There are 2 protein chains.
Amino acid sequence: MPGISGGKNYHHGDLRNALIGAAVDLASEGGPERVVLREAARRVGVSPTAAYRHFDGRGELLRTVRGHARARLAEAMERAAAREPGADDPALAAERRLAALCRGYVGFAVDHPGLYRAAFGTVRPAAGEPPAGAPVPPEPEIRAFTLLRETLEALDRSGGRRSAAGAAAWSAVHGLSLLLLEGPLRRLPARRRDDVVETTLAMVVSGARAR
Amino acid sequence: MPGISGGKNYHHGDLRNALIGAAVDLASEGGPERVVLREAARRVGVSPTAAYRHFDGRGELLRTVRGHARARLAEAMERAAAREPGADDPALAAERRLAALCRGYVGFAVDHPGLYRAAFGTVRPAAGEPPAGAPVPPEPEIRAFTLLRETLEALDRSGGRRSAAGAAAWSAVHGLSLLLLEGPLRRLPARRRDDVVETTLAMVVSGARAR
DNA sequence: GCTGGAATGTTCATGCGGTCAACATCGGGC
DNA sequence: GCCCGATGTTGACCGCATGAACATTCCAGC
């Protein structure tokens, strides 16, 4: 293996991870559409086709980035929830946790727009890329969603349609994030943005309560 | 002008509209990323660069498609609301209208995925396309949003933070649509999908009530 | 140690998209 | 009738994804 004295000429030594790192950076900078195989290779200092030894093509690279981005989102949500003070009433605690998770979600989206978009946007074929023929593999667990669903379950006495409620909450934060990031709510001043975020969270919590 | 006896050889006669039509078709078939200048020109039977006489480039073509898509979405919402029976209680009527509008919104997204995505996705630069330097022009009125906001106002006695509530409702339906179309809720069976839609609508309505 | 196959990179070539500059054609006003 | 501006066409350049053929390196097995 390449030691400290850079013996890494022809063979890079850890190209796969290096490419992933570059691709994540690209996504951070400009979202999934900026994740371009050639540029990632360029940044790592390797020829474009080298990437094909480690990835099936741009699509797989992008999917890998998406996994990273989703993991980071979930971490951000958990951090936000951890900062939230508890409560004696378990229902109240669950409500607070729900709101905190949602705030963490939208906060991550706003702070890391490119990563967030990479996390949930469809992998769009780039120009010159064939229209994708392979059947899309099933989605692995998405921690961000699980966090929401579990908290809703804690809030739920009746036990009905839990997963649908989770999806509803998710819809709200996802839609809000996208409207703020790349939708018509872009360029909303920060003050009004907070308004919208809090109003949406109130809607989510009231929906969870009303169930 | 080109008469009935096809005198439209070198000069098309209505190329701009023809291109828009082709582009809308493309968006319907495969979403905004499929709206490709060369293909639109090909379908119209004209050389790629001819489009530049009528559009600033791919970006403007796509923006035009977006306008069409948004208009169609609003029409679908209004049709859905028109089908909804009224009610004596104006508040109840407003609630029903709100739910119907939302249902129309998500229904349009599900029925016309490509158009819906074209309506609200950011105009992403395609490969080979310069990274866009001009400042994005402000968004014109978006009728879909106005419909939601107005209905929420009718539901609103206190007169507070109306626009934020509209954005919250919009967030929910937008997020839901995208999760269903290109997000992890894709391939949800129709039965469960309806569940999620109704649960989300309940959340929206309960949020509007709780205000 | 030495060596030959497997890994890992490189070069070259193809095809698709966006866009520009230079040239061709048409239609209508004068 | 003629000329100009609007509208199309050709040809070229650049970036991207991807595949085939070739080069280099590493390491397992001797």
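Everything below is about the structure printed above this text.
The structure reproduced in this document is the subject of the present report.

Scoring rules and cut-offs
Residues numbered from 1 in each chain as written. Chains lettered and ligands numbered in written order. Predicted model: local features only at pLDDT ≥ 70, side-chain atom pairs only at ≥ 80, totals over all residues. Heavy atoms only, no water. Contact = heavy atoms within 4.5 Å. Buried area = accessible area lost by both parts, 1.4 Å probe. Salt bridge = Lys/Arg side-chain N within 4 Å of Asp/Glu carboxyl O. Polar contact = N/O pair within 3.5 Å; in protein donor to acceptor, adjacent residues only side chain to side chain. Helix = DSSP H or I, 4+ residues; strand = E, 2+ residues; numbered from the N terminus. Nonpolar A, V, L, I, M, F, W, Y, C, P; charged D, E, K, R; others polar. Least-squares fit on C-alpha atoms with pLDDT ≥ 70 in both. Phe/Tyr/Trp six-rings, centres within 6.5 Å; stacked < 30°, edge-to-face > 60°. Buried < 20%, exposed > 50% of the residue type's maximum accessible area, 1.4 Å probe, protein only. Near = heavy atom within 4 Å.

With 41 residues of chain B at the interface, the matching set in chain A holds 41 residues. Across the interface of chain B and chain A, roughly 3,500 Å² is buried in total on both sides, 62% from carbon and sulfur atoms. Inspection of the chain B/chain A interface yields zero salt bridges. Counting every contact that joins chain B to chain A gives three residue pairs in polar contact (both at pLDDT 80 or more). Sorting the residues of the side of chain B that touches chain A by element identifies α5 (113–120), α7 (162–181) and α8 (190–210) of chain B as the ones contributing at least two each. At 14 residues, α7(B) tops the list of elements feeding residues into the side of chain B that touches chain A. Within the side of chain B that touches chain A, the residues separate by chemical class into 20 nonpolar, 10 polar and 11 charged.

Bringing the relation of the copies chain B and chain A into the picture now. Each of the two copies of the chain can be brought onto the other by a rotation about an axis and a shift along it. Between the two copies, chain B and chain A, the superposition gives an RMSD of 0.1 Å; the rotation angle is 180 degrees and the shift along the axis is 0.0 Å. Read as a symmetry element, the transformation amounts to a two-fold axis. Considering only C-alpha atoms, the part of chain B nearest the rotation axis is Gly175(B), at 1.6 Å. Interface overlap between copies: 100% of the residues of chain B at the interface are likewise at the interface in chain A, consistent with a symmetric, same-surface contact.

In this section: the packing of aromatic side chains. Residue and element names in this part refer to chain A. Evaluation of the coordinates by the stated rule reveals eight aromatic pairs over all chains. Taking 4.6 Å as the distance between ring centres and 20 degrees as the angle between the ring planes, the aromatic pair formed by Phe-145 and Trp-170 counts as stacked. Of this pair, Phe-145 sits in helix α6 (residues 143–154) while Trp-170 sits in helix α7 (residues 162–181), and the two are 25 residues apart along the sequence. Both residues of the pair, Phe-145 and Trp-170, count as buried.

To continue, consider the pattern of salt bridges. Residue and element names in this part refer to chain A. According to the stated counting rule, one finds 22 salt bridges over all chains in the structure shown. A salt bridge links Glu-78 to Arg-143; the nearest nitrogen and oxygen atoms lie 2.5 Å apart. Separated by 65 residues along the polypeptide, Glu-78 in helix α3 (residues 58–83) and Arg-143 in helix α6 bring together distant segments of the chain. For Glu-198, the salt bridge is made with Arg-103, and the minimal N-O distance between the two is 3.0 Å. With Glu-198 in helix α8 (residues 190–210) and Arg-103 in helix α4 (residues 90–111), this residue pair connects regions lying 95 residues apart in the sequence. Salt bridges sharing common partners tie together Glu-29, Arg-34, Glu-39, Arg-42 and Arg-43.

Let us now look at the protein's contact with DNA strand C. As a structural note, the neighbourhood of DNA strand C is formed by 29 residues, with Ser47(A), Arg53(A), His54(A), Arg38(B) and Thr49(B) the closest of them. Protein-adjacent atoms of DNA strand C, using a 4 Å cutoff, are sugar or phosphate at a proportion of 54%. Between Ser47(A) and DNA strand C, the recorded distance is 2.6 Å, taken from a backbone N or O atom to a phosphate oxygen. A total of three residues in the surface near DNA strand C trace back to one element, the largest contributor, which is helix α2 (residues 37–44) of chain B. Among the residues forming the surface near DNA strand C, the class breakdown is 12 nonpolar, 11 polar and six charged.

Spatial relationships are all this shows, so hold off on functional conclusions.
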